[in-house]
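Here is what each chain is made of, one letter per residue.
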There are 2 protein chains.
Amino acid sequence: MYRTHNCGELRIGQVGQTVTLSGWLNKNRDYGAMTFIDLRDRYGITQLVFNKQTDSSLYEAAKKLGREYVLKIVGLVSERSNKNPNIPTGAIEIIVQKLAILNGSKTPPFTIEDETDGGDEIRMKYRYLDLRRKPVQENLFFRSKLAIETRKYLADQDFIEVETPVLIKSTPEGARDFVVPSRMNEGQFYALPQSPQTFKQLLMVSGFDKYFQLVKCFRDEDLRADRQPEFTQIDCEMCFVTQEQILNTFEGLTKHVFKACLDVKLPDFPRITYDEALRRYGSDKPDTRFGMEFIDFTVLTKGHDFPVFDAAEMVIGICAEGQADNYSNKDIKKLTSWLQRPQIGAKGLVYVKYNSDGSIKSSVGKFYSDEQLQTWLDKAGAKNGDMLLLLCGETDKVRSQLNELRLEMGNRMGLREGGFNPLWVVDFPLLEWDEDSARFHAMHHPFTSPKEEDKERMLTGDHATMKALRADAYDLVINGWEIGGGSIRIFDRELQAKNFKLLGFTDEEAEAQFGFLMNAFEYGAPPHGGIAFGFDRLCSIMKGASSIRDFIAFPKNNQGRDVMIDAPSPIDKTQLDELQLDLKPID
Amino acid sequence: MYRTHNCGELRIGQVGQTVTLSGWLNKNRDYGAMTFIDLRDRYGITQLVFNKQTDSSLYEAAKKLGREYVLKIVGLVSERSNKNPNIPTGAIEIIVQKLAILNGSKTPPFTIEDETDGGDEIRMKYRYLDLRRKPVQENLFFRSKLAIETRKYLADQDFIEVETPVLIKSTPEGARDFVVPSRMNEGQFYALPQSPQTFKQLLMVSGFDKYFQLVKCFRDEDLRADRQPEFTQIDCEMCFVTQEQILNTFEGLTKHVFKACLDVKLPDFPRITYDEALRRYGSDKPDTRFGMEFIDFTVLTKGHDFPVFDAAEMVIGICAEGQADNYSNKDIKKLTSWLQRPQIGAKGLVYVKYNSDGSIKSSVGKFYSDEQLQTWLDKAGAKNGDMLLLLCGETDKVRSQLNELRLEMGNRMGLREGGFNPLWVVDFPLLEWDEDSARFHAMHHPFTSPKEEDKERMLTGDHATMKALRADAYDLVINGWEIGGGSIRIFDRELQAKNFKLLGFTDEEAEAQFGFLMNAFEYGAPPHGGIAFGFDRLCSIMKGASSIRDFIAFPKNNQGRDVMIDAPSPIDKTQLDELQLDLKPID
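We now turn to the structure provided with this report.

What counts, and where the lines are drawn
- Residues numbered from 1 in each chain as written.
- Chains lettered and ligands numbered in written order.
- Predicted model: local features only at pLDDT ≥ 70, side-chain atom pairs only at ≥ 80, totals over all residues.
- Heavy atoms only, no water.
- Helix = DSSP H or I, 4+ residues; strand = E, 2+ residues; numbered from the N terminus.
- Buried < 20%, exposed > 50% of the residue type's maximum accessible area, 1.4 Å probe, protein only.
- Areas by Shrake-Rupley, 256 points an atom, 1.4 Å probe, with all protein chains shown as cover.
- Lys, Arg positive; Asp, Glu negative; His and termini not counted.
- Charge placed at Lys NZ, Arg CZ, Asp CG, Glu CD.
- Core = buried A, V, L, I, M, F, W, Y, C linked by side-chain atoms within 4.5 Å.
- Contact = heavy atoms within 4.5 Å.
- Buried area = accessible area lost by both parts, 1.4 Å probe.
- Salt bridge = Lys/Arg side-chain N within 4 Å of Asp/Glu carboxyl O.
- Polar contact = N/O pair within 3.5 Å; in protein donor to acceptor, adjacent residues only side chain to side chain.
- Axes fitted to C-alpha atoms, helices over the stretch in contact; angles between N-to-C directions.
- Parallel < 35°, antiparallel > 145°, perpendicular 65-115°, else oblique.
- Left-handed = near helix turned anticlockwise from the far one by under 90°.
- Nonpolar A, V, L, I, M, F, W, Y, C, P; charged D, E, K, R; others polar.
- Expected span 1.5 Å × (residues − 1).
- Bend = angle between axes of the 7 residues up to and from the residue.
- Pairing = 2+ DSSP bridges.

### Considerations on the overall build of chain A
Here's step 1: Helices and strands together make up the secondary structure of chain A, namely 18 helices and 23 strands.
Here's step 2: The principal-axis extents of the C-alpha atoms in chain A amount to approximately 95 × 75 × 55 Å.
Here's step 3: Looking at the 587 residues of chain A, the share that counts as buried comes to 57%.
Here's step 4: For chain A, the computed accessible surface area is about 24,100 Å², with 47% contributed by carbon and sulfur atoms.
Here's step 5: Across chain A, the 75 positively charged side chains and the 88 negatively charged ones have centroids separated by 7 Å.

Structure below.
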């Protein structure tokens, strides 16, 4: 037997007992006559004592042990004279009587401490050592707990977890699929699911009523920062349900997991429409932990011979409270350059400072009188010491640019630290017109239903009508991150066919790819809808972390590689032959 | 709102309430003045009444509705005059006041009944309709419940669920991998995991102590009956643990899920060694719901001038109780032919009948006197009316043949119906010598540890020693099915390297494929071991079903195809080009 207790378990009440412990040598300290070893396992740390006077050979053996050695000891639980109040086992120590080295250890390539000296790359290569560090372990324990509480809530609400297949069919819509060549079906491929969307809809057609699954999904995208080729979703679907019921159910789920896992009681989630979100924040996923909402200066600024504003479709700004005195001309210049980078692409930045002495200063002071500028400040509700920042241009672009500026100012002013501000963004457009490809894209996905009042118009309307269609689609946003998104689905064959047509599918393509779903709609499909949460992202937001990688046991890097196991990798020619595949010669 | 209640919810106490229900038209019966409709959802069936006198247009509308139409109704809960005690809602019916058709339905291609008229193929093509049938739904609800109880037990025992990656690295050892071409890493492939074996071992090296995962695994095998290319495992690993502790933990899990999901209290599981299982049953996964154990007649039968037995390495038999009078010469002949099919390959069958009148009859009566045959019957403990069935040949082959005969006789005698007989089979050989390839194969897998007392011999012994090595490997067997299997693992680099060498790996191959694991063993790897259960199989055994397909929402057929979505399928040339792949021309 390797242990009678774990390393986090012994207390003052067990003094006098002989125990067996196993674990890792976390730290050793030699004081000449005594050596102390911190023995570590998942559950905690227990101090071991080796006394030279009592047993000199054991003492000598202990002195030679290195960090991360795996030890098994037998010893006597004793009260510590110097108690350590910082750890639960701090009242006791073990006077060691027997010592066995279960395994040795080379010196780890980085320190196994909360704050390690290892860089990202080396920690990923030795991920099994990185996973020994307490903060990393705690992240995975948190993830496990979040999964438990998610399942608990949903099962209590009569949801059934159903496993949907991983080897499915490739569909060109959406992101790029990972594909899997089939040996038994020559020249054919499976695809890995980007989501179980069609399967969960079929489960509704089957009458499962409330479905969920914690499920791996896959996207072969060029990996932007903090994307993973495989990721986990909380995938859900309900039938005979309205958008209102779905929002309430999953607001309930979110509140439950925050309470159960973080002891945070979330308030009711505000709901704003997509249009309102863009108008107030320039984003469909606003960080509402702080205000600094957009103010529309278009009317106020026009007709004063400032050609830039006069020519602009829209002039909008934000009021940065108390920032007037913090920004020198040089600071403003820097901020302007930051906004002019190609990633943001603003043309310029206009400021109006309401100085603490009551004077007004602006980069457009020669076009606007103080009186006129005062009307801007009034509209913004600005106080002494505040600063207005204005951008102008085409509506979509200027909103997106001002969104970036708002978030940046939020960061600089410390308004985006801690706290949780969830909200629902609703009434998304159904379709998005893409000028480049001259076709519509589905704003959510091709199965999303237009709002009841838009269904008829969708079947009969013109191009402009299609652009204006609104969907029963909704996103859950927390602190500026889209945590979940879903919609009420089309459950009518004709409407689904029309949607595919709008999205540029020929009838043959729609039939080949989604014929099974449209057929299913002809055999008594019920109204249904659902939502999916990004589970990795939810973990990271809840723990205030910046990267989802911290919550994945064995993540891939930005090239989609697992550097620990060195995957992907070449495969044998015989494997390729069995799959009837040739590699193209490399140019 | 689609419903105030579901279709399984209303009772006599709700009489007088106005309710809204939605569901599927399960059945309608018209009696001239009244039409009754059974409205069905996941939760049950509620009877709707349309009265011609009260509302003739509603009555006419209801008459036109077809099976599987999706309806929403508003009506008054009323007490039934003819109560139906067979359904929970049988005391009430709904006098319908408003009717809305949410969706129509074509006539389904088979009946949505417990016993359907649909063949396997059509039901798979319309799986979403097959899934409406109650027995199929119940199977998936059972699966969901089994998953819940599995997680509950393991979480209560401090196991943490960790998700391991799906996109990993191909390793030629074991079954064939499904591979996934990497677009970003040209010419390279991921593989889908056959199990998370190496990852769970690394989690032990990381100190997670107790890991589990309900996880999809993948094998590209030629599909024998009732295999699926993707299947689900309960995958577990523990560290600082002995085989005894693992067996107890997972015997506990098994007992828990049988009690919680079936209300069956399993007795303690017997344990027998691999050698004993082969000696007594000719199989390492014996169905122990019945006896009919092997009897060794080798010594008794030799030296009586029956050349077949005299030449045989082994003569063994079983005693089929009470079967003497049931088997005519013709029946014996048929049974012999059955045994001689190539799948079994027995040379012949010898019987000895202990007739109910006390006389003895045998196919080898001319070689053996009644007195001699009586010694066989005595050894078998046969009674009047019993029949001995004997086979002979080489040990391995004859045991395997007699195993088939024993199971067949068990079937014929009704000894294999119902009940659950779990047992542990332990002490498997570490290695299996394959004559054809003249190399060793891992009996369990290449990470399995030899028993403590065999470790030294493994590093230094000769070929014969290797054949005799025993492993700390164990299988959980129920009713003749291997439900789970596992082992204590090697955690020492030298021993692991030796094992790879024995299995025919060059040092370079071992390093390329499993270098990360062997490296991990050098940084303080703890002793560890684990087990994996076939989750689909466990479902089917617990429910007494014959096929795992019944417990998979969207299974594949024996050609690995999903006939509903028609996958796998060809992919676009652009997809192939992006992956730098060419299809080989078809010959």
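We are not done yet, so read on.
### Points about the nonpolar core
Here's step 1: Counting 64 residues, the largest nonpolar core has Tyr128(A), Phe554(A), Met564(A), Leu202(B), Leu203(B), Val425(B) and Leu431(B) as the members making the most contacts within it.
Here's step 2: With six residues, the top contributor of residues to this core is helix H16 (residues 507-520) of chain B.
Here's step 3: Setting aside chain neighbours within four positions, we find Met564(A) in contact with Met124(A), Lys125(A), Arg127(A), Tyr128(A), Phe554(A), Phe199(B), Leu202(B) and Phe516(B).
Here's step 4: Within the second largest apolar cluster, 63 residues are counted, among which are Ile160(A), Tyr281(A), Ile490(A) and Phe505(A).

### Observations regarding the interface of chain A and chain B
Here's step 1: Counting from both sides, the interface comprises 125 residues of chain A and, opposite them, 125 residues of chain B.
Here's step 2: Here chain A packs against chain B, burying approximately 11,000 Å² in sum over the two surfaces, 58% of which is carbon and sulfur.
Here's step 3: Taken together, chain A and chain B are joined by 18 salt bridges.
Here's step 4: The partner of Arg183(B) in a salt bridge is Asp222(A), with the nearest N and O atoms 3.1 Å apart.
Here's step 5: On inspection of chain A and its partner chain B, the count reaches 67 residue pairs in polar contact (both at pLDDT 80 or more).

### Regarding the packing of helix H10 (residues 329-340) of chain B against helix H12 (residues 395-412) of chain B
Residues and elements named next belong to chain B.
Here's step 1: Running from N to C, H10 and H12 point in directions that differ by 135°, and their axes come no closer than 11 Å. In terms of axis orientation, H10 runs oblique to H12. Judged by the twist between their axes, the crossing of H10 over H12 is right-handed. Here Leu335, Trp338 and Leu339 of H10 come into contact with H12, specifically with Gln401, Glu404, Leu405, Glu408, Met409 and Arg412.
Here's step 2: Classifying every residue of the contact of H10 with H12 gives five nonpolar, one polar and three charged.

### Description of helix H16 (residues 507-520) of chain A
All names here are of chain A.
Here's step 1: Compared with the 20 Å implied by 1.5 Å per residue over 14 residues, the 17 Å span of H16 between its first and last C-alpha is markedly short.
Here's step 2: For H16, the principal kink sits at Phe514 and spans about 85°.
Here's step 3: Buried residues of H16: Ala510, Gln513, Phe514, Gly515, Phe516, Leu517, Met518 and Ala520, and no others.

### Some thoughts on the pairing of strand S4 (residues 70-79) of chain B
Residues and elements named next belong to chain B.
Here's step 1: For S4, the tally of buried residues reaches seven of ten residues, placing the bulk of the element in the interior.
Here's step 2: Pairing geometry for strand S1 (residues 18-30) and S4, over seven bridges, is antiparallel. Note that in S4 the partner of Ser22 across the bridge is Lys72.
Here's step 3: Two elements, S4 and strand S5 (residues 92-103), share ten bridges in a ladder whose sense is antiparallel. The residue of S5 that forms the bridge with Val77 is Ile94.

### Digging into the side chain of Asn403(B)
Residues and elements named next belong to chain B.
Here's step 1: Note on placement: Asn403 falls in helix H12.
Here's step 2: With relative accessibility at 10%, the residue Asn403 sits in the buried group.
Here's step 3: Sequence-distant contacts of Asn403, that is, excluding residues within four places in its chain, are made with Tyr281, Gly282, Ser283 and Phe294.

### Some remarks on the environment of Gly187(B)
Here's step 1: With respect to the helices, strands and loops of the structure, Gly187(B) is situated in the loop between strand S7 (179-181) and strand S8 (189-191).
Here's step 2: Separated by 109 residues in sequence, Gly187(B) and Asp296(B) place their C-alpha atoms 58 Å apart.
Here's step 3: Residues within four places of Gly187(B) in sequence aside, it is in contact with Pro570(A) and Leu583(A).

### As for the sheet that holds strand S11 (residues 271-273) of chain A
Strands belonging to one sheet form pairs held by backbone hydrogen bonds; the direction of such a pair is parallel or antiparallel.
Residue and element names in this part refer to chain A.
Here's step 1: With mixed pairing, eight strands are arranged side by side in an open sheet as S6-S9-S10-S22-S21-S20-S17-S11. At either end of the open sheet lies a strand with only one pairing partner, and these are strand S6 (160-161) and S11.
Here's step 2: Docked against the sheet, helix H7 (residues 274-281) engages S11 and strand S17 (422-426), running at close to 90° with respect to S11.

### Section: the sheet that holds strand S12 (residues 295-296) of chain A
All names here are of chain A.
Here's step 1: Taken in spatial order, the five strands of this open sheet run S12-S13-S16-S14-S15, and their pairing is antiparallel. The open sheet has two edge strands, S12 and strand S15 (360-362), and neither has a second partner.
Here's step 2: Two elements, S12 and strand S13 (residues 314-320), share two bridges in a ladder whose sense is antiparallel. Residue pairing for S13: Asp296 is matched across the bridge by Ile316.

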